[in-house]
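Structural characterization, general
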Amino acid sequence: MARSVLVTGGNRGIGLAIARELSANGDAVAVTYRSGEPPEGLFGVRCDVTSTADVEAAFDKVEAQQGPVEVLVSNAGVTKDTLLAMMKEDTFTDVIDTNLTGAYRVAKRAIRPMMRLKRGRIILISSVIGLSGQAGQANYAASKAGLIGFARSLAREYGSRNITVNVVSPGFVATDMTAELDHDTIVSTIPLGRQARPEEVARVVRFLAGDDASYITGAVIPVDGGLGMGH
Ligand code: NDP
């Protein structure tokens, strides 16, 4: 039977690539979207992950459509870059609220049904920046580093329930999020000498969601072309 999958922020970028990859894998895939229209061929639910009520309503709809979520991919994320000296408090807290507390909201909503199912996969999309840090991204780096401690705590709490919790840590991926950046400068720091395609991140998520990753939990998997080198 097709597994019930939910990908947050699955209407574009890396999230959409993950949703398409898992859908091609035979899973029943739902995506959350905030703006625009849901992507063609995927079940879309409107949801802002900063709202607990939105998250609750989205899960209710997904459960009614395709059953309890067995694979949760927490991918929705934002950047609001500025140096600390200029960073207003809400510029810090907004990014934490989406990237880290948003992951808490969806994982919290997913966990009890997964416990009842006696299986589950939670995959959180972090970033190489979470461990390396980046000037102008203290808010973003803090949110992405926070996901790692969050994931590893859940891995310990729910391992005995056959629920794995892992982190994927992309480097520099060609999406709207990186469209404004100075590509040549960044690419020159990447050992593989290029940015990633969203599909290259998606395939690692598919692996972590699948049977071949049955004994992997609490891991942080870099998909960064060597940028983080061991982080
Ligand atoms: P995009 O900017 O292309 O897409 C971001 C996605 O997140 C969109 O689907 C957006 O929805 C959704 N989103 C943002 N805020 C919210 C919110 N409050 N509630 C619900 N959905 C929200 O980014 P990417 O695809 O590049 O990034 C996806 C993830 O990968 C992020 O977590 C990002 O931090 C991470 N990442 C990206 C890297 C890169 O180089 N691109 C590198 C490392 C990590 P909507 O379209 O409706 O606004």
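Once a new chain begins, its residue numbering starts again from 1 and follows that chain's sequence as written. Owing to the predicted nature of the model, reporting of local features is limited to residues with pLDDT of at least 70; listing and counting of side-chain atom pairs is limited to 80 or more, with chain, interface and lining totals taken over all residues.

- Looking at an unreviewed UniProt entry, the protein carries the name 3-oxoacyl-[acyl-carrier protein] reductase, with the source organism given as Nonomuraea jiangxiensis.
- Its UniProt record gives the protein the following Sequence similarities (unreviewed entry) comment, quoted word for word: "Belongs to the short-chain dehydrogenases/reductases (SDR) family." UniProt positions are given in the numbering used here, feature names are shortened, and annotations may be inferred rather than shown by experiment.

Details of the packing of helix 3 (residues 89-117) against helix 5 (residues 138-158)
- Note on geometry: axes are lines fitted to C-alpha atoms, helical ones only across the stretch in contact, with angles between N-to-C directions running from 0 to 180 degrees. Only runs of H or I of at least four residues qualify as helices and only runs of E of at least two qualify as strands under DSSP, and these elements are numbered from the N terminus. Where helix 3 meets helix 5, the closest approach of the two axes is 8 Å, and the angle between their N-to-C directions is 20°. Here helix 3 lies roughly parallel to helix 5, going by the angle between them. You can see that helix 3 and helix 5 cross each other, and the crossing is right-handed. Across the interface between the two elements, T91, F92, V95, I96, N99, L100, A103, Y104, A107 and I111 of helix 3 pack against N139, Y140, A142, S143, K144, G146, L147, F150, L154 and Y158 of helix 5.
- Polar here means any residue other than Ala, Val, Leu, Ile, Met, Phe, Trp, Tyr, Cys and Pro, which are nonpolar, and Asp, Glu, Lys and Arg, which are charged; Gly is therefore polar. The residue inventory of the contact of helix 3 with helix 5, partitioned by class, reads 14 nonpolar, five polar and one charged. Any angle between 65 and 115 degrees counts as roughly perpendicular, while under 35 counts as roughly parallel, over 145 as roughly antiparallel, and the rest as oblique. Take the far helix as the reference: if the near one is turned anticlockwise from it by less than a right angle, the crossing is left-handed, and if turned clockwise, right-handed. Any residue pair is listed as a contact if its two C-beta atoms, each placed from the backbone, are within 7 Å.

A word on unusual backbone geometry
- Positioned with a positive phi, K118 is a non-glycine residue whose angle comes to about 65°.
- One non-glycine residue with positive phi stands out, namely N162, at about 65°.
- Inspection of the secondary structure puts N162 in the loop between helix 5 and strand 6 (163-170).
- Residues are called buried when their C-beta atom has 20 or more other C-beta atoms within 10 Å, exposed when it has 12 or fewer, and partly exposed otherwise; all C-beta atoms are positioned from the backbone. Classification of N162 as partly exposed rests on a count of 15 C-beta atoms within 10 Å.

So, the site of the ligand
- We count a residue as near a molecule or strand when its backbone-placed C-beta atom lies within 6 Å of that partner. The environment of the ligand is formed by 29 residues, the closest being G9, G13, R34, G77 and T175.
- The set of elements that each furnish at least two residues to the shell around the ligand consists of helix 1 (13-24) and strand 2 (28-33).
- By residue number, the principal contributor to the shell around the ligand is helix 1, which donates three residues.
- Looking at the shell around the ligand residue by residue, the classes come out as eleven nonpolar, 14 polar and four charged.

Some words on the confidence of the model for the protein
- By definition, pLDDT measures how confident the predictor is in each residue, and it falls between 0 and 100. Mean pLDDT over the protein: 96, with 100% of residues reaching 70 or higher.
- The ipTM, which scores confidence in the relative placement of chains, is 0.99 for this predicted complex, and the corresponding pTM is 0.98.

Re helix 1
- How far a helix is expected to stretch is found by multiplying one less than its residue total by 1.5 Å. Here helix 1 is twelve residues long and its end C-alpha atoms lie 17 Å apart, about the 16 Å a rise of 1.5 Å per residue gives.
- Regarding helix 1, the residues found buried are G13, I14, G15, L16, A17, I18, A19, R20, E21, L22 and S23.
- Those residues of helix 1 that are buried lie in contact with strand 1 (4-7), strand 2, strand 4 (71-74), strand 5 (120-125), strand 6 and helix 7 (198-209).

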